[in-house]
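Next come the chains, spelled out residue by residue.
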Amino acid sequence: MVEFNVSLTGKTILVTGAAGFIGANLVRRLYEMAEGITVIGLDSVNDYYDVSLKEYRLQELAKFDTFTFIKGNLADKELIDRIFAEYKPAIVVNLAAQAGVRYSITNPGAYIEANLIGFYNILEACRHNPVEHLVYASSSSVYGTNKKIPYSTDDKVDNPVSLYAATKKSNELMAHAYSKLYNIPSTGLRFFTVYGPAGRPDMAYFGFTNKLLKGETIQIFNYGNCQRDFTYVDDIVTGVVNIMQHAPEKATGEDGLPLPPYMVYNIGNNSPENLLDFVDILQQELIRAGVLPEDYDFEAHKELVPMQPGDVPVTYADVTALERDFGFKPSTSLREGLRKFAEWYKAFYKV
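Since the model is a prediction, treat every value here as computed from it, not as a measurement.

## Looking at the sheet that holds strand β7 (residues 186-191)
Within the open sheet, the seven strands sit side by side as β4-β3-β2-β5-β6-β7-β15. Their pairing is parallel. Since the sheet does not close on itself, it has two edges, and those belong to β4 (67-71) and β15 (262-267), each with one partner. When the angles between neighbouring strand axes are averaged without regard to direction, this sheet yields 15°. Judged from the six bridges that link them, β7 and β15 form a sheet pairing that is parallel. Residue pairing in the sheet places R190 in a bridge with N266 of β15. Here helix α5 (residues 108-128) sits on the sheet and contacts β2 (12-16), β5 (91-94) and β6 (133-139); the angle it forms with β6, its principal contact strand, is near 165°.

## Digging into the side chain of S141
The topology assignment puts S141 in the loop between β6 and α6 (163-182). Discounting residues that sit within four places of it in the chain, S141 has contacts with Y164 and A165.

## Things to note about the pattern of salt bridges
Taken as a whole, this structure holds 14 salt bridges when the rule is applied. In this structure, K11 and E132 form a salt bridge, with 3.1 Å as the shortest nitrogen-oxygen distance. One end of the pair, K11, is in the loop between β1 (2-5) and β2; the other, E132, is in the loop between α5 and β6, with 121 residues separating them in the sequence. Residue E132 is classed as partly exposed on the basis of its relative accessible area, which comes to 28%. Among the salt bridges present, the one from R335 reaches E285, with a minimum N-O distance of 2.8 Å. Note that R335 is positioned in helix α11 (residues 334-349) and E285 in helix α9 (residues 275-288), a separation of 50 residues in sequence. Each of the salt bridges in this network shares a partner with another, and the network as a whole consists of K169, E172 and R190.

## A word on the packing of aromatic side chains
In total, this model carries 32 aromatic pairs according to the counting rule given. Seen from their ring centres, F208 and F278 are 6.4 Å apart, and the 45° between their planes marks the pair as tilted. Taken together, the positions of F208 in helix α7 (residues 204-213) and F278 in helix α9 put the pair 70 residues apart, joining distant regions of the chain. If you follow K54 out to its NZ or CZ, it ends over the ring of Y49, 4.5 Å from the centre.

## Examining the pairing of strand β3 (residues 38-43)
Residues in a regular strand project their side chains so that they alternate between the two faces of the sheet. The element β3 is largely enclosed, with a buried count of five among its six residues. Pairing analysis gives five bridges linking β2 to β3, with the strands arranged parallel. Residue pairing across strands places T12 opposite T38, the latter belonging to β3. This β-α-β element, β2 to helix α1 (residues 21-33) to β3, shows right-handed connectivity. Here β3 runs beside β4; their pairing, made up of five bridges, is parallel. Bridged to D43 within β4 is K71.

## Some points on the packing of α7 against α9
Packing of α7 against α9 leaves a shortest axis separation of 11 Å and a crossing angle of 55°. Here α7 lies oblique to α9, going by the angle between them. Between α7 and α9 the crossing geometry is right-handed. Residues A204, Y205, F208, T209 and L212 of α7 form the contact with α9, whose participating residues are F278, V279, L282 and L286. Looking at the contact of α7 with α9, its residues break down into eight nonpolar, one polar and no charged.

## Looking at unusual backbone geometry
In this model, I149 is joined to P150 through a cis peptide bond whose omega is -5°. Residues other than glycine seldom take positive phi values, yet T193 does so here, at roughly 30°. Among the structural elements, T193 can be located in the loop between β7 and β8 (194-195). The phi angle at A198 is positive, at roughly 55°, despite the residue not being glycine.

Calculation criteria
- Residues numbered from 1 in each chain as written.
- Predicted model: local features only at pLDDT ≥ 70, side-chain atom pairs only at ≥ 80, totals over all residues.
- Heavy atoms only, no water.
- Pairing = 2+ DSSP bridges.
- Helix = DSSP H or I, 4+ residues; strand = E, 2+ residues; numbered from the N terminus.
- Axes fitted to C-alpha atoms, helices over the stretch in contact; angles between N-to-C directions.
- Contact = heavy atoms within 4.5 Å.
- Salt bridge = Lys/Arg side-chain N within 4 Å of Asp/Glu carboxyl O.
- Buried < 20%, exposed > 50% of the residue type's maximum accessible area, 1.4 Å probe, protein only.
- Phe/Tyr/Trp six-rings, centres within 6.5 Å; stacked < 30°, edge-to-face > 60°.
- Lys NZ or Arg CZ within 6 Å of the ring centre and 35° of its normal.
- Right-handed = clockwise from strand over helix to strand, strands pointing away.
- Parallel < 35°, antiparallel > 145°, perpendicular 65-115°, else oblique.
- Left-handed = near helix turned anticlockwise from the far one by under 90°.
- Nonpolar A, V, L, I, M, F, W, Y, C, P; charged D, E, K, R; others polar.

These figures capture arrangement, not role.
Structural data, given as structure tokens:
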């Protein structure tokens, strides 16, 4: 169970992946809600997707006087050690990672570097520079071929179907070991299909929009029989902020050694949507926002294709623990979230 409220007021917080989708939204929320904080943002600003989006997010964060951005790689141990020694963060939120399931099939090395070596560097830094709380991103992909739905954090998750998923499960195991050995309070967050304005272009809703605008055909995997627990970014950020303020309890076991102050939570919408329904809502909202014309022929631009390697047919979050411990669960409807995305897309790309 959670033990104490960690006040964010006046704290120094390190957010890795600060130029990323969730990271940038989190930094902005922290400044909106907490007084006297200092946020150190680290990001490699790599070109996995359109760098101009990352630069746009960073420009939005530059307006906060006490925000310091450092461009660098999580796998650079010297840099990580230097950041911890200089800024002494009280809370660390590790969102930096090489994301994407399909990319892990063609570029496995990027995942080992960012997700394993990079996370090891963070753990070592937390070991030598004690922090109040380490919060880190895991992923719904750890559930792999899990047949039981909804997915619960009590489920056994040792059947990943992608290297990306394997690295995220490894993060949870590494964090558990460090929590046990060095009494580091850590919380892992299994995010479920995050979407919203200024999101990742490699995600379906964004990629589909780009292709439809160009008159290209969109591919809907597993013949449209996939279900995804789409979770709006603001809900994700609310969950992260709630959890940041509640570090897992430090306690001693019967052997006199620390019990690991370690937790893992799902953050998902608890409401999986069929891909075909999702595409239908997306097209309605793109027309409503004026991104696409009223008479756009969607049927001519849709192709139903088989499942891709590394993908799973369903993601569905059991958020009972999140509700129990924080009185919160995501609630933004898919239509509301896609409407905000479509309106942002129209304004950002001036279409």
